[in-house]
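Coordinate inspection notes
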Amino acid sequence: MDDLFDGLQPIADEGVMPRRAEKPGLEKLDPEKPDLPKPEEGSPILVRVQDTRPHHMDGGRTVLRPSLPYDSVCHMASCFLDLYIGARYAPASSVPGCICHATVISGTVSLTAEGQTFHLLERDALRFAADQPYQFENLSNSTGRLLLEYQYLHGHS
């Protein structure tokens, strides 16, 4: 299966960051492609890890893996972020009105967002504006794993 964030703009040397496509229609799943889940309202969409393609950054120390594709009903997309020892992830800011909900699955991670630095432990969660600069850094001696959910308050127009 192609990248689940197909139609979302890649950031040079930073893999794929969930952000709105500039061309209308690119941000939605194409029901004509048989290998992509059909976006039927109210229907479950199953995404298996073997059907996604990870994006390696920071010399392989940072891995971003798409989870759920953009959903036009709730205006959200999600991905998993793995930060190996000493890794950092500082993507370009997203589109105006984008909010990120970051949940630490394991490890200890520093998140700098909205002019503040937060030290997040396993199962901590933080909501912040993703349309401003932000950065994650692994502070532990093991892999820091996060679930990042991006909500587009203005949707995709």
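See the structure above.
Thresholds, definitions, all that
- Residues numbered from 1 in each chain as written.
- Predicted model: local features only at pLDDT ≥ 70, side-chain atom pairs only at ≥ 80, totals over all residues.
- Heavy atoms only, no water.
- Salt bridge = Lys/Arg side-chain N within 4 Å of Asp/Glu carboxyl O.
- Buried < 20%, exposed > 50% of the residue type's maximum accessible area, 1.4 Å probe, protein only.
- Helix = DSSP H or I, 4+ residues; strand = E, 2+ residues; numbered from the N terminus.

Turning our eyes to something else, we now look at the pattern of salt bridges. Think of it this way: side chains of opposite charge can pair up when their charged atoms draw near. Counted under the stated rule, the structure contains three salt bridges. The closest approach of N and O atoms between Arg 61 and Asp 58, which form a salt bridge, is 3.1 Å. The class of Arg 61 is partly exposed, set by a relative accessible area of 35%. On the basis of relative accessibility, which here comes to 33%, the residue Asp 58 falls in the partly exposed class. For the salt bridge of Asp 82 with Arg 145, the shortest nitrogen-to-oxygen distance reads 3.3 Å. With a gap of 63 residues between them, Asp 82 in strand E3 (residues 76–83) and Arg 145 in strand E10 (residues 144–152) connect regions that are remote in the sequence. What makes Asp 82 buried here is its relative accessible area of 17%. Residue classification places Arg 145 among the partly exposed residues on the basis of a relative accessible area of 34%.

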